Each structure stands twice: as C-alpha cells, then as structure tokens.
Amino acid sequence: MLKNLERLVVRQQRYQARLWSNQWSRWTLVLLALVGTIVLGKSDWFQASSNQQVYQAYIGPGAGIALVSTFFSVLIAMFSALLALLTWPVRWVWRAWRSRKALRRAKVRRVVVLGLDGLDPDLMERFLDEGLLPNLQKLQQQGTYTRLGTTWPPLSPVAWSSFSTGSNPGKHNVFDFIARNKADYGPRMSSVRIGSARRMLRLGPWQLPLSSPRVEGLRRSKPFWSVLGEAGIFSAILRVPITFPPERFHGVQLSAMCVPDLRGTQGMFACFSEEEHQDLTVEGDVGGERILVERQGDQLSGSLPGPENPLRRDAATVRLPLRITRRQDRIWLHVDGQQVPLVPNQYTDWVKLSFPLAPGIRARGVCRFYLKRFEAPFEMYCTPIHIDPDKPVMPISYPSVYSVYLAKKMGPYATLGLAEDTWSLSDGVLSEEAFLQQAYNIDDERKEMFFDALDSVRRGVVACVFDAPDRIQHMFWRFQEDHHPARGDDEQTIADHRDTIRRMYVRMDELVGRTVQAIDDQSALFVMSDHGFKSFRRGVDLNAWLRDNGYLKLKKDRASSEKTYLADVDWSRTQAFALGLAGIVINQEGREAQGTVPPGAPSRQLAKQLCEQLTGLVDPQTDEVAIHEAVDSHDVYQGPYVREAPDVIIGYNVGYRVSWDAAIGKCGQHVFSDNTKAWSGDHCIHPALVPGVLFSSIPLEDSDAHITDLAPTTLDLLGVPTPGYMDGKSLLCKGETFSST
C-alpha cells in the first residue's frame, strides 16, 4: 500500500486552500500599497501588454519565470480547491475500483525504472568484462541485457519524450533543445513556453498582472503514467526530463529539464571577485556573471543579483547585499539576515534567500556558495539560484505540495532543470574536483528522493532519472583520449581524472545494487539509458557549409557573422539555415516569415539534395567522415507534428558534432574546428552509433529493443492496454510467467 504519497495527493486540496488564502492576504497588502500610488496621481490605469514577452532556453534564450499570480487566478484556484475537497471521496472510490480492475490483469505489483542518463554500452560492456559492475552483471544473468535503440536525434529531450509517450518525435513534438520561431527566425524552447501576463494594471512605477502568466508545455502525446492514472494506478515520477510544467495525473511528479532558475534562465551562476577579469561565457541565458566586490581590511562587500521584478514597470533586478568577513581565522558570509560559515574549497549547505518584490511579496530561492580564495585576489562561486522547493514561485511538481513534502523531509535540494553547472567548469571558474563534488551532491539528493518513493509506492510505478552519468561524461571525456583537443597539458589533472568516468560507472552500479535490495520479487526493475556517449573532438559549422555551398546568404555578403540566432542572414536570398544541435530548416514560402523556397516538391527536392551532399561529408584536416548520414525528417518521423521538425536531421560520425557557434545561429569562417571546451564528450551523433542500454530483472524479447518500447512494456506489466498512438511494442516474452501479484 502507499504509505505517504497517495495521502499526500489527498492533502494537496487542503494545502491549496490554505496557500491561496495566504496569497490573497499578500495580494491585499500589495493592493493597499498600489492604491497609495493612485492617490499620488501616478497611475496609468489598465494597459494591455501587446508584446507579450516569451522566454526560452538551453543554449538559447531562457524559459523565463512566472513569479506571481493574479487576483482572478487566486479566486479561481480557491474555488477549484473547494470543489476538489468536496468531490475527492467520490474520485477516490472511482480510482480504487478502476485500479483493482487493472491490477487483476497485472503481471507484477510494481514497475521500477532507474534511468541512468547517457550510460554508454561500449564502456559498460568493457567494465562488465573487467568485473567492475557486479550488480549489473547479476541483473543481466537474472533477466535481460540489451542495447537500446534511441531517437533521431539522440538528444535527451527527444529521447526521454519518446520514453514517456512510447512514440516517435513526429507524435510528441520535441525535436531538439531549441526550435526556430517561424514568425521571426528567432529561437524558442522546444518543450515549454513561458510568458508574462497579457494585461496589467499600471500604477506609477508598479504593475499588477490581471491575467495569469502563461506556462505551456509543448510536448504532445500522453505519457504512460497518465495512461496508468486513468486506470487508477499510482505513479511516482522523479526528475524525468521534459516533465515541466508538471501535468495533473494520478500520482506525484517532480519536474526536471527546462525548470528555470529564480532568474528565469536555464542556469546563470555568479563569480564574486575583487579584480577585473575576462568576461565569463554567456550563451543565450546559460553561463556566468562576474560580480565585483570591494575589500576593506578583512571584510568584502557586494550584492547578489536575483530575479527581475515583474511587479515593477522597469523590471529592475532585485539584489541582496552580502558581506564576507574573517574573524579569528573563521570566514563568514552574511546575506539575507543569515551568517553562513565559509570553508575554502568546500560548498556551503543550501542557503535560503528571499528577494523582496513588493510589500508582502517575495521570491524565494536556494543556492550554494563555494569559497575559492579569501586572500587577495578574493574569489567565490555561487550556483545558479534554484527555485526554493519549500516555497516555489511557480509549479515544479505535481501536486504542488510534493516539492514541499520532499523539502520538509530532506531539506532544500536542487530544482533547476540542468542542475549540474557545466558552464562554470568550461569557464575555469570551478575546478574538476569542485564540479564533481557538486554533481555527486545532487546525485545524493536524487537517491534520497528515489528511495523514499520506493518505500512509499508498493503498487504502480516508480521512475527516476539520474543525470550524473550524462554530465560527467560530457565534461571528463577528454581525459580518456591522449589526443583530445580539450585534454590540456596539466599532467597532474590528467592523471587525477583519467579514471573519473570509470569510477562513475562503479558508483552507478552500486546504486543498482542498492535498488535491487530495496525491491521484492513482485517488482519488475528496468535499468536504462536514453542514449550512449562518444568523443566530441571536432565541430561542424552547418551554416558555414550552407554559405559555402550557396544555400545561405549573409547581409552585405559578409564572409562570416558572430551575431547569434541568425541575425545577419539575408533571408531574401537564403534557401536553408541551421539552428540547434541537429537540424537544417528549408526557408519555405508560406511557412517561414520570409520564405524563398516553394512548398511541396521544390522543398522536398532541396531537402533530398542537402541529404545527398551532407551524407559522408569529409573533414579535410583529418580525412575522417564527419557526417555519417543526413536524413529527410519525413523519412524518420511519422505523425501530426512532422511539419514542426527541421527538414533535414544530421547524424554525425563519432568524434564530431555541430559546432558551438552553429548551434546558436552564428556563421563562422570555417566549416570545421577543434572543440577545446571541457564539454568534450557528446551524443549528438547518428543514433546507430550511440544506442542506450537496457537491463531488466525479468526476461524480455530483446531483439531490436527501442526506447519507445518501455512505455508499452510497463503498461503490459500492469495490465493496461497500450493506446493506439504509441509506436513502441511490449517486450514481454510471450508465455512468460511472473510472480503472483
């Protein structure tokens, strides 16, 4: 039976009523403050916001953040909470009846999915042969091990969306991290759209939203846990990518990829320094900001930037003053009324922060500080400011109280979608050791959540994704190759981290062993990855290739452009362009804002021509094939959203990936370039070259297993028919018997 989580869903309604009541009180205070402004004659009264600002993310503009609700949404929410309270007994009885009906057909009581993002079959099989992964080896002997087919392209948002919906990208509408906006060629986030309120009450320097901010999920198709919920079966879904914004279903969910930080970005760290340094890298809305501090003896002072204030017309950034002092050989950080001990080369605990927006309204976040050096020149790192899970400014879980439940149980934890700060390592702000410490701190938090769910959910589904394998392989692959351009020449660093990835695989194996110990023989366990991993040594600038081959023209016939997001492209003479990590788009008439290529046969012929020219493209510097295969999206996708996909999907060869500049819409001088960033491993290559892995505690039909098969297999195990929209198939062996349920 469910010990905690199902009762938590019931309590959500009572919690919502109290929450909205408290918010109503805070809004009353804001209203009184704004009335004072009206009396002073500074009001512009009502004004509709015609240019709704929408933020997007990853290596593009950020997802943004909806910090406040409106009077109307408060009223609606209060009414909804009251209605839910009155009807929950009926709904509980109905769900109980449906769940018994489904579970009578179930083959197991529970399905547990342990997602190890990016676990690579080549490395794993080598480590298995070396005897380093005894728990995975036992699982293989007990049940099944196979390589798991992945998606075109094998990117995390695409692959995990196919995992959850059992369908190809043409049906779930996620093709990359970012996509183009057809209206102006700018980038948008592929899976979520967040916008400000359309109508505002403007009162002097203040503005009060009169409509709800928009938080819209763009992934389509229905995830398998929603299908289970309709059959009355409970699920706990933890940090599975592309679950933001969280959706209503019968279960609990903590969102992952695309959850913004408190500043509305996908991860903006801060580096405090008392000296001017070279600017830090910022690509779109990820990267870092250097903040100067002033020293007076043994005290330094500065300020920590928080969110832009959505209640002010000037959207001024809210800042918190901070001081760092040294007294009797102890160093202290003073911020937001707190005194936090600082120890060089160690992270602080999570520090809770409260940014004042208006009387009674605060935006709350959490962050960690890492003191690198107190003596001159002082340097201190601060993580991106995560949304406080105990008082979230926007929904990050379903029900919304679930993030609060976890925070009360385990304390503050990381909530940012891409929580491990890879950019700080690439910029040299964090050392390899500091980055690993951060990644494993987050990994430990994830374990605590996961095992709490395993202890609570005895029937249904528990699924949790661990990001450490993906992030660590991205950043440490360079130490596995003697001639990687990003390897560096510090022999001590190379020696220290030559086996970092190997040790990470051992750590993941220990997690598998602990999971096996925590479940019984009436649970089916899947250990899986969404894709594998390979080296990223050379970048391919697709826009430079399109320019050199006459398909893309720059304004004033420039030879190159350093402007991001295609700002220098002459659209009147351009036939095709690249944006994102894996696609080329035809500049089609009637679809793109300034299309030049007629739709139908001309566009399809151009796509075919590009595929033929790019397949087998050779890097003249290395004489290696850089592009294994380029395919027409209509040949690999099926479904109603194929029209939203790039027209050509690029499957790179091992060692190659789209260049950093081309990914954000720049057009460099050269097509090929060395990758010298710490981000030295990747999976944005041909899907046949980076399959994932699948271990199962039960026998499976493992031939041609694909990531879309996990959803139908889970449904089959729990006695629920597979919906017709799913492309995957059940992997259960015909005639196989299971333990009694």
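Model, not experiment: these values are computed from the prediction. The numbering scheme is per chain: residues are counted from 1 as the chain's sequence reads. Residue-level local features of this predicted model are given only where pLDDT is at least 70; pairs of side-chain atoms are given and counted only at 80 or more, and the full residue set underlies all totals for whole chains, interfaces and linings. Side-chain numbers here rest on the full set of heavy atoms in the structure, without hydrogens or water.

Peer 1: Would you mind showing me how to read the overall build of the chain here?
Peer 2: Every helix listed is a DSSP run of H or I at least four residues long, and every strand listed is a run of E at least two residues long, numbered separately from the N terminus. Scanning the chain from terminus to terminus reveals 18 helices and 39 strands. Each residue gets one of three labels from its accessible area relative to the maximum for its type: buried under 20%, exposed over 50%, partly exposed in between, using a 1.4 Å probe on protein chains only. Across the 741 residues in the chain, those meeting the buried criterion constitute 60%. In this description, contact between two residues means that some pair of their heavy atoms is separated by no more than 4.5 Å. A sequence separation of at least 24 residues applies to 70% of the contacts in the chain between residues at least 6 apart. On the chain, roughly 28,200 Å² of surface is accessible, and the fraction owed to carbon and sulfur atoms is 50%. Areas reported here follow the Shrake-Rupley algorithm with a probe of radius 1.4 Å; residue values treat only the protein chains shown as occluding.

Peer 1: Looking at this structure, how should I read the sheet that holds strand β18 (residues 317-327)?
Peer 2: The strands making up a sheet associate through hydrogen bonds between their backbones, and the pairing can be parallel or antiparallel. On the basis of which strands lie adjacent, the open sheet formed by five strands has the order β16-β17-β18-β19-β20 and antiparallel pairing. Strand pairing shows two members of the sheet lacking a second neighbour, β16 (294-296) and β20 (338-342), which therefore form its edges. Recorded for the sheet is a direction-independent mean angle of 25° between the axes of neighbouring strands. We treat two strands as partners when DSSP finds at least two bridges between them. Bridge analysis of β18 against strand β19 (residues 330-335) gives six bridges, and the strand direction is antiparallel. Within β19, the residue paired with Leu322 across the bridge is Val335. Axes here refer to lines fitted to C-alpha atoms; in helices the fit is confined to the stretch in contact. Angles between the N-to-C directions go from 0 to 180 degrees.

Peer 1: Even after reading the chapter, I still don't get empty space enclosed by the protein, so can you show me in this structure?
Peer 2: In this approach a probe as big as a water molecule rolls over the atoms, and the regions it shows empty are the leftover space. Think of a 1 Å grid over the protein atoms and nothing else: a 1.4 Å probe that fits but is trapped marks a cavity, an open set flanked by protein within 12 Å on at least five of seven lines marks a pocket, and residues with an atom within 4 Å of a point count as lining. Grid points are joined across faces, edges and corners, and a volume is the space filled by probe spheres set on the points. By the definition in use, this model includes nine cavities of 30 Å³ or more. Of the voids in this model, the second largest cavity is the one considered here, and its volume is about 80 Å³. Lining the second largest cavity are Phe175, Asp176, Ile178, Ala179, Arg180, Phe577, Leu579, Val585, Glu644, Ala645 and Pro646. For the lining of the second largest cavity, the element with the highest residue contribution is strand β5 (residues 178-180), accounting for three residues. Note that Gly is not counted as nonpolar here; it falls among the polar residues with everything else outside the nonpolar set of Ala, Val, Leu, Ile, Met, Phe, Trp, Tyr, Cys and Pro and the charged set of Asp, Glu, Lys and Arg. The class makeup of the residues in the lining of the second largest cavity is eight nonpolar, no polar and three charged.

Peer 1: Honestly, the sheet that holds strand β11 (residues 235-238) in this entry has me stumped. Any pointers?
Peer 2: Reading across from one edge, β4-β39-β28-β3-β27-β11-β12-β26 is the order of the eight strands in this open sheet, with mixed pairing throughout. At either margin of the open sheet sits one strand with a lone partner, and together these are β4 (144-148) and β26 (397-398). The sheet contact formed by strand β3 (residues 110-116) and strand β28 (residues 523-528) spans six bridges and is parallel. The partner of Gly115 across the bridge, within β28, is Met528. This element, helix α10 (residues 432-456), spans β3, β11, β12 (251-254) and β27 (460-466) of the sheet and lies at about 175° to β27.

Peer 1: Hey, could you run me through the pattern of salt bridges in this one?
Peer 2: Side-chain pairs of opposite charge can arise where the charged atoms are in close proximity. Salt bridges are defined by distance alone: a side-chain nitrogen of Lys or Arg within 4 Å of a carboxyl oxygen of Asp or Glu. This model, assessed by the stated rule, comprises 54 salt bridges. Residue Asp390 pairs with Lys408 through a salt bridge whose shortest N-O separation is 3.3 Å. Of the two residues, Asp390 is situated in the loop between β25 (386-387) and β26 and Lys408 in helix α8 (residues 401-410); the sequence distance between them amounts to 18 residues. Residue Arg604 is joined to Asp647 by a salt bridge in which the shortest nitrogen-to-oxygen separation is 3.7 Å. Taken together, the residues span a long stretch of sequence, with Arg604 in helix α15 (residues 601-614) and Asp647 in the loop between α16 (633-636) and β35 (648-652) at a distance of 43 residues. What emerges from the salt-bridge pattern is a single network uniting Arg180, Arg591, Glu592, Arg604, Asp632 and Asp647.

Peer 1: Explanation requested: the environment of Glu294 in the structure shown.
Peer 2: Its place among the elements puts Glu294 in strand β16. Judged by its relative accessible area of 59%, Glu294 falls in the exposed class. Sequence spacing of Glu294 and Glu275 is 19 residues, and the spatial spacing of their C-alpha atoms is 9.1 Å. If sequence neighbours within four positions are ignored, Glu294 has contacts with Gln299, Leu300 and Ser301.

Peer 1: Would you take a moment to explain the confidence of the model for the chain for this structure?
Peer 2: Do not read the predicted coordinates in detail wherever pLDDT is low. Think of pLDDT as the predictor's per-residue confidence, scored from 0 to 100. In this model, the chain carries an average pLDDT of 88, and 84% of its residues clear a pLDDT of 70 or more. Below pLDDT 50 for its whole length, residues 10-61 participates in 131 contacts with residues either more than four positions away or in separate chains. Throughout residues 68-74 the model reports pLDDT below 50, and contacts reaching past four residues in sequence, or to other chains, amount to 25 contacts.

Peer 1: Can you help me understand α10 in this one?
Peer 2: Over its 25 residues, α10 runs 36 Å from end to end, which matches the ideal 36 Å to within 8%, given 1.5 Å per residue. Of all 25 residues in α10, 19 are buried, a share of seventy percent or more. Multiplying one less than the number of residues by 1.5 Å gives the expected span of a helix.

Peer 1: What exactly am I supposed to notice about a negative patch on the surface here?
Peer 2: Nonpolar side chains (Val, Leu, Ile, Met, Phe, Trp, Tyr) within 5 Å and like charges within 9 Å form the patches, drawn only from residues with over 30% relative accessible area and no salt bridge. Under this rule, positive means Lys or Arg and negative means Asp or Glu; His and the chain ends count for nothing. For charged residues, the charge sits on one atom: NZ in Lys, CZ in Arg, CG in Asp, CD in Glu. A cluster of acidic residues, Glu433, Asp489, Asp490, Glu491 and Asp496, forms a negative patch on the protein surface. Within the element layout of this structure, Asp490 appears in the loop between α11 (468-476) and α12 (491-497).

Peer 1: I would appreciate a short explanation of the packing of aromatic side chains in the present structure.
Peer 2: Aromatic ring pairs: the centre-centre distance and the angle between the two ring planes describe each pair. Between rings of Phe, Tyr and Trp, where Trp is taken as its six-membered ring, a pair exists when centres lie within 6.5 Å; planes separated by under 30 degrees are stacked, by over 60 edge-to-face, and by other angles tilted. Tallied over the full model, the rule gives 24 aromatic pairs. Measuring from ring centre to ring centre gives 5.1 Å for Phe175 and Tyr637, while their planes differ by 50°; the resulting arrangement is tilted. Linking Phe175 in the loop between α6 (169-172) and β5 with Tyr637 in the loop between α16 and β35, this pair joins segments that are 462 residues apart in sequence. Tyr637 matches Phe175 in its accessibility class, with the two residues each being buried. Connected via pairs of aromatic rings, a cluster forms that spans Trp160, Phe163, Phe224 and Trp225. Lysine and arginine charges are scored as sitting over a ring when NZ or CZ, respectively, is within 6 Å of the ring centre and within 35 degrees of the ring normal. A cation over a ring is seen here: Arg295 above Phe374, with NZ or CZ 5.3 Å from the ring centre.

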